[in-house]
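Each chain, letter by letter, is given below.
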Amino acid sequence: MPVTNLEELKVLIVEDQADTRAMMKEMMTDLGVTQIFEAKDGRQALEFIDTAFDFVDMVVCDWNMPSISGVELLRQIRTVDASIPFLMVTGRDDMDSVIEAKSSGVTAYIRKPFSAAQLEAKMRIASKRIT
Amino acid sequence: MCFILYGVTVFFSFEFILATLFLAAFAAVFIFLCKKNHLKKTILVDEIINASDHGQLIFDDKSKFYKCNRLALSKLNAIIGGDVDVVTQPDFLNYLYDHAADFDDVVKNAIMSQFESSNAPDFREVIYLDNKSLCLVHARKLSNDMTLFTLIDISMGRQREESLKKLNIINDHLMQAIESTTTGIVVSNPKEDGNPIVFVNSAFCNFTDCTKGDLIGAGWGALMPMLVDKEQRDKFIDTLSNFTPVELELERSVGDKKYYYNMTFSTSYEDGKPDLFIGLLSDVTLLKQRESEFFQAQKLESLGQLAAGVAHDFNNILSIIGGYSTMSTKLLNGSGNEKVKENLAKIEAAANRGAGLTRKMLTFSRHKIVAKSCIDVRDIVKEQSELLIPLLGVNIDMEVIMPEHEVNIMGSSSSVGQILMNFAINARDAMPEGGRLLIELSCMERSEVPENIDAVIGADDYVCLSVSDTGTGMDSKTLEKVFDPFFSTKEQGKGTGLGLSVVYGLVNELGGALDVVSKVGQGTKFSMYVPRSFEAKTKTISGDLKDIENIRLDGYTALIAEDEPDLLNVVKNMLEDLGLNVLTASNGDEALVVQEDYIGDIDILLTDVIMPEMNGVKLAELLTSLRPETQVIFMSGYPANGNMAPVELPKNATFIAKPVDYEKMIRVLYQKLEGGEGVDDNMPLPHWETSVEVQKGSV
């Protein structure tokens with residue numbers, strides 16, 4: 001069941017840049033999200049998913065990360081859960097990147113830099129949209 | 001008597017017999033010698049006719065075979081197809097008549113006349129003896145009773161003649177091909193002093209602007225001035241003296257146009273000595289142009305990749321700066337120092353500017369997802385030229401020339417707007433002392449478009465948008481770099497050097513091409529050529545407010561968010577009646593998803609203010625954060641503002657009270673889509689958020 005209320009949403013942020021991660025967390029807190037988990041890279045995200053995947057309603061993940069990219073992480077998550085909302089954070093919005101992300105099963109994507117309103121809109125879209 | 005008798009007896013018996021014997025012997029020797037001589041002569045004649053290269057046949061006056069040589073025999077055997085003893089043929093002529101292909105009555109009669117008349121003239125006729133070998137039959141009287149037939153095989157000669165004819169035809173064809181090719185061909189003779197030119201084709205003449213008469217027999221002087229530099233000239237002189245193969249670069253100007261050529265020289269040798277010196281000249285103007293375009297594209301691509309990398313990190317930083325300033329502003333809401341708020345707003349604005357810059361950096365390296373629709377460029381020119389007036393200042397006179405009819409292309413208004421704005425700002429900056437700026441919009445046929453542009457686009461009809469100034473102009477060096485990213489002639493800090501490279505990317509996205517003409521001191525003209533579209537304009541407003549019933553808003557897209565299904569249907573029908581494309585959603589979240597899945601423009605968001613979960617004001621805020629160009633109209637049964645309002649509407653919001661009045665709805669939509677300039681009877685209609693961005697100093 002998709003969670004419609006952002007306050008009830010349990011979000012996993014995957015972002016290698018500590019300051020960006022902290023900022024996203026703060027932004028989400030401002031939006032009323034209370035349960036936020038963080039992973040500093042794809043590996044940590046996968047570990048988290050292995051142990052506590054059921055606790056997460058949405059993954060907000062940076063595209064461009066060392067070792068395991070956002071798309072790679074998405075592919076691996078999709079083998080476990082085909083429908084969990086996955087919001088890709090990207091600096092790119094070219095056709096090729098979007099097609100790549102969509103074909104990997106991304107629920108929505110948001111372009112950096114983004115405002116709180118844009119993040120809220122995209123999180124709402126991701127939580128509502130059926131992949 | 002006896003004596004006499006004796007004497008006679010003796011005489012007759014001895015001397016007489018002796019004498020007779022002697023005489024007989026003499027006669028015999030004479031005859032023998034004569035015969036031997038005759039035989040000798042006969043053998044000699046046989047040898048002579050045998051030695052002949054032609055078949056020789058001798059007949060007597062009864063057309064009876066007398067003598068022939070071996071060649072004639074073998075020829076006759078070949079004709080007849082077997083060993084035929086011609087000697088046994090009583091009437092050889094008739095025999096031949098039956099076997100030779102061309103031996104008709106006319107020929108036969110002519111030959112017969114040789115036998116019948118002693119003074120018949122010589123007979124000559126070419127006949128096919130056996131359908132293959134051609135034979136010239138030459139008959140002449142040797143004496144009254146002897147006729148000599150000479151059979152001369154002319155098959156080889158005739159074959160040679162035929163081959164020569166064929167060769168001539170091939171030669172003619174080759175010459176035609178050589179004359180019609182666009183490659184210039186020149187051949188000279190290195191065996192003669194001065195290596196004179198012995199052949200040129202028309203293409204070479206055209207290139208040198210000389211006639212064949214001028215060039216043939218002459219030296220190579222005509223080419224020298226066209227060699228691009230000293231290095232090429234030295235190479236050419238070198239090859240003329242030692243005939244080594246070489247490749248040369250040449251160019252020439254015809255009017256304003258420059259043509260580039262490539263010339264290769266090669267030498268053919270006979271007995272180790274140069275025999276022919278051959279030059280091939282091809283026009284490489286188009287190739288050069290393609291090369292430079294390819295180079296430009298590659299340069300842009302690699303720079304784009306670099307920029308994309310930088311932009312990614314930069315975007316992260318901007319996210320943090322912008323994000324924290326927004327959150328801090330929120331924290332300060334209602335309290336705190338106004339100055340701090342102001343400063344935070346400035347930080348946020350700067351972060352946004354930075355985000356704009358990174359977006360620009362990315363534009364020329366990728367294909368952005370731009371929804372293309374059929375647009376009338378005149379609308380954009382009109383809109384942008386109004387925005388330009390304050391930007392250009394008082395010293396610049398602006399003139400706009402455009403046709404009365406529609407000038408449609410497939411593209412996005414924002415791209416064309418940005419292109420025009422960049423052109424105009426460049427023009428303004430090229431005229432610091434003021435001047436004249438001319439914006440021209442026109443439709444062109446293929447023949448009117450510069451060749452190099454047409455070669456890239458290849459459309460039948462074009463739209464040309466050009467901006468010319470009377471400013472400082474550019475030299476050729478600047479002109480070469482004008483579309484390079486980060487190239488700017490402006491003072492440090494005044495230009496990013498990205499404007500025209502962004503234009504380059506945008507024009508590419510429109511499937512068009514750019515042309516720039518500039519002369520130092522006279523000014524510059526930037527032109528954009530885009531394929532013309534003959535589709536009807538996708539978005540059209542027709543009619544006016546005086547006649548509301550006839551207003552049409554074809555091709556626009558509206559998203560309606562309304563939780564009351566019946567009302568949603570009513571409004572949907574209303575809008576569809578006006579020609580709008582309508583998307584619907586029963587709540588805020590659904591509206592967000594609907595817009596996410598829709599690739600085209602959404603021109604209007606028509607939202608109920610009070611909805612479960614997310615109210616209309618929140619929806620408007622979130623949707624316009626994703627689609628800043630979307631205009632918002634609120635609908636509510638409650639008062640818009642004041643104590644009675646359950647939700648405070650933003651300042652300057654457009655509001656329609658429920659129950660929705662059809663006429664009022666049309667009026668509001670019309671004004672919003674027209675640009676919001678009109679004023680509604682009941683309320684002012686300023687923008688929710690301005691949809692037109694003027695990027696100052698973007699070049």
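These numbers come from a predicted model, not from an experiment.

Regarding the overall build of chain B
Thinking step 1. Within chain B one finds 19 helices and 24 strands.
Thinking step 2. By the burial criterion, 42% of the 699 residues in chain B qualify as buried.
Thinking step 3. The contacts in chain B between residues at least 6 apart in sequence include a share of 57% that link residues at least 24 apart.
Thinking step 4. Of the accessible surface of chain B, which amounts to about 37,700 Å², a share of 55% is contributed by carbon and sulfur atoms.

Remarks on the overall build of chain A
Thinking step 1. Along the backbone of chain A there are five helices and five strands.
Thinking step 2. Taken from the N to the C terminus, the helices and strands of chain A come in the order β-α-β-α-β-α-β-α-β-α.
Thinking step 3. In chain A, buried positions account for 60% of the 131 residues.
Thinking step 4. Within chain A, contacts between residues at least 6 apart in sequence are counted, and of these 67% link residues at least 24 apart.
Thinking step 5. For chain A, the accessible surface area stands at approximately 5,500 Å², while carbon and sulfur atoms represent 48% of it.

Some details on the interface of chain B and chain A
Thinking step 1. Opposite the 30 residues of chain B that make contact, chain A presents 32 residues.
Thinking step 2. Both sides together, the interface formed by chain B and chain A hides about 3,000 Å², and carbon and sulfur atoms give 59% of it.
Thinking step 3. In this assembly, chain B and chain A are joined by three salt bridges.
Thinking step 4. Note that B:Lys618 is salt-bridged to A:Glu120, the shortest N-O span being 2.7 Å.
Thinking step 5. For the interface between chain B and chain A, the tally reads six residue pairs in polar contact (both at pLDDT 80 or more).
Thinking step 6. Here the element with the most residues in the side of chain B that touches chain A is helix H9 (residues 285-332) of chain B; it accounts for ten residues.
Thinking step 7. Along the lines of polarity and charge, the residues of the side of chain B that touches chain A split into twelve nonpolar, eight polar and ten charged.

Notes on the pattern of salt bridges
Thinking step 1. Counted under the stated rule, the structure contains 27 salt bridges over all chains.
Thinking step 2. Among the ionic pairs, A:Lys40 bridges to A:Asp41, the shortest N-O distance being 4.0 Å.
Thinking step 3. For A:Lys40, a relative accessible area of 45% puts it in the partly exposed group.
Thinking step 4. A single network of salt bridges, built from pairs that share partners, joins A:Glu120, A:Arg124, B:Asp589, B:Lys618 and B:Glu621.

A look at a negative patch on the surface
Residues and elements named next belong to chain B.
Thinking step 1. On the surface, a cluster of negative charge is contributed by Asp544, Asp547, Glu549, Asp661 and Glu663.
Thinking step 2. Here aspartate 544 is to be found in the loop between strand S18 (540-542) and strand S19 (552-554).
Thinking step 3. We classify aspartate 544 as partly exposed; its relative accessible area is 37%.

Details of helix H11 (residues 377-392) of chain B
Residues and elements named next belong to chain B.
Thinking step 1. Relative to the 22 Å expected for 16 residues at 1.5 Å per residue, H11 spans 21 Å between its end C-alpha atoms, a close match to the ideal helical length.
Thinking step 2. Of the positions making up H11, those classed as buried are Val377, Arg378, Ile380, Val381, Gln384, Ser385, Leu388, Leu391 and Leu392.
Thinking step 3. Remark: glycine 393 follows H11 within two positions and exhibits a positive phi of approximately 85°.

Focus on the packing of aromatic side chains
Thinking step 1. This model, assessed by the stated rule, comprises ten aromatic pairs over all chains.
Thinking step 2. Ring plane angle 40° and centroid distance 5.1 Å describe the contact between A:Phe37 and A:Phe48, whose orientation is recorded as tilted. In this pair, A:Phe37 sits in strand S2 (residues 35-39) while A:Phe48 sits in helix H2 (residues 42-52), placing the two residues eleven residues apart along the sequence.
Thinking step 3. Since its relative accessible area comes to 25%, A:Phe37 is described here as partly exposed.
Thinking step 4. Geometrically, the ring pair formed by B:Phe423 and B:Phe526 is stacked, given 5.4 Å between the ring centres and 15° between the ring planes. Of this pair, B:Phe423 sits in helix H12 (residues 413-429) while B:Phe526 sits in strand S17 (residues 523-531), and the two are 103 residues apart along the sequence.
Thinking step 5. Residue B:Phe423 is classed as buried on the basis of its relative accessible area, which comes to 1%.
Thinking step 6. With relative accessibility at 5%, the residue B:Phe526 sits in the buried group.

Side note on unusual backbone geometry
Thinking step 1. Each neighbour pair has its own omega, and for A:Lys112 with A:Pro113 the value is -10°, a cis peptide bond.
Thinking step 2. Along the chain, the position of A:Pro113 falls in the loop between strand S5 (108-111) and helix H5 (116-128).
Thinking step 3. Of note in this structure, B:Phe243 is not a glycine but carries a positive phi near 55°.
Thinking step 4. The residue B:Phe243 is located in the loop between helix H8 (230-242) and strand S8 (246-254) in this model.
Thinking step 5. The backbone of B:Asp271 shows a phi angle near 55°, a positive value even though the residue is not glycine.
Thinking step 6. If you trace the backbone, B:Asp271 turns up in the loop between strand S9 (257-270) and strand S10 (273-283).
Thinking step 7. Residue B:Asp271 is classed as exposed on the basis of its relative accessible area of 75%.

Some details on a nonpolar patch on the surface
Residues and elements named next belong to chain B.
Thinking step 1. A surface patch of nonpolar side chains, about 490 Å² in accessible area, is lined by Leu306, Val310, Phe314, Ile317, Ile321 and Ile347.
Thinking step 2. No other element matches the five residues that H9 contributes to the nonpolar patch.
Thinking step 3. Counting through the fold element by element, leucine 306 comes out in helix H9.
Thinking step 4. Its relative accessible area of 54% is what places leucine 306 among the exposed residues.

A word on the packing of helix H16 (residues 565-577) of chain B against helix H19 (residues 662-674) of chain B
Residues and elements named next belong to chain B.
Thinking step 1. For the pair H16 and H19, interaxial distance at closest approach is 11 Å and the crossing angle is 55°. Taken as axis vectors, H16 and H19 run oblique relative to one another. Like other packed secondary-structure pairs, H16 and H19 cross with a definite hand, here right-handed. Residues Val571, Met574, Leu575 and Asp577 of H16 form the contact with H19, whose participating residues are Tyr662, Met665 and Leu669.
Thinking step 2. Broken down by class, the residue content of the contact of H16 with H19 amounts to six nonpolar, no polar and one charged.

Section: the sheet that holds strand S15 (residues 461-469) of chain B
Whenever strands of a sheet pair, they do so through backbone hydrogen bonds, lying parallel or antiparallel.
All names here are of chain B.
Thinking step 1. Strands sit in the order S12-S14-S15-S17-S16 across an open sheet of five strands; the sheet is mixed. Bordering the open sheet on either side are strand S12 (396-401) and strand S16 (513-519), each of which pairs with just one other strand. Averaged over neighbouring strand pairs, the angle between their axes works out to 15° when direction is ignored.
Thinking step 2. As defined by bridge partners, S12 adjoins strand S14 (residues 435-445) across six bridges and the pair is classed as parallel. Bridge pairing links methionine 398 to leucine 437 in S14.
Thinking step 3. Sheet contacts for H11: S12, S14 and S15; angle to S12, the most-contacted strand, approximately 175°.
Thinking step 4. Lying over the sheet, H12 contacts S12, S14, S15, S16 and S17, oriented at roughly 30° with respect to S15.

What counts, and where the lines are drawn
- Residues numbered from 1 in each chain as written.
- Chains lettered and ligands numbered in written order.
- Predicted model: local features only at pLDDT ≥ 70, side-chain atom pairs only at ≥ 80, totals over all residues.
- Heavy atoms only, no water.
- Helix = DSSP H or I, 4+ residues; strand = E, 2+ residues; numbered from the N terminus.
- Buried < 20%, exposed > 50% of the residue type's maximum accessible area, 1.4 Å probe, protein only.
- Contact = heavy atoms within 4.5 Å.
- Areas by Shrake-Rupley, 256 points an atom, 1.4 Å probe, with all protein chains shown as cover.
- Buried area = accessible area lost by both parts, 1.4 Å probe.
- Salt bridge = Lys/Arg side-chain N within 4 Å of Asp/Glu carboxyl O.
- Polar contact = N/O pair within 3.5 Å; in protein donor to acceptor, adjacent residues only side chain to side chain.
- Nonpolar A, V, L, I, M, F, W, Y, C, P; charged D, E, K, R; others polar.
- Patch = residues over 30% accessible without salt bridge, like charges linked within 9 Å, V, L, I, M, F, W, Y side chains within 5 Å.
- Lys, Arg positive; Asp, Glu negative; His and termini not counted.
- Charge placed at Lys NZ, Arg CZ, Asp CG, Glu CD.
- Expected span 1.5 Å × (residues − 1).
- Phe/Tyr/Trp six-rings, centres within 6.5 Å; stacked < 30°, edge-to-face > 60°.
- Axes fitted to C-alpha atoms, helices over the stretch in contact; angles between N-to-C directions.
- Parallel < 35°, antiparallel > 145°, perpendicular 65-115°, else oblique.
- Left-handed = near helix turned anticlockwise from the far one by under 90°.
- Pairing = 2+ DSSP bridges.

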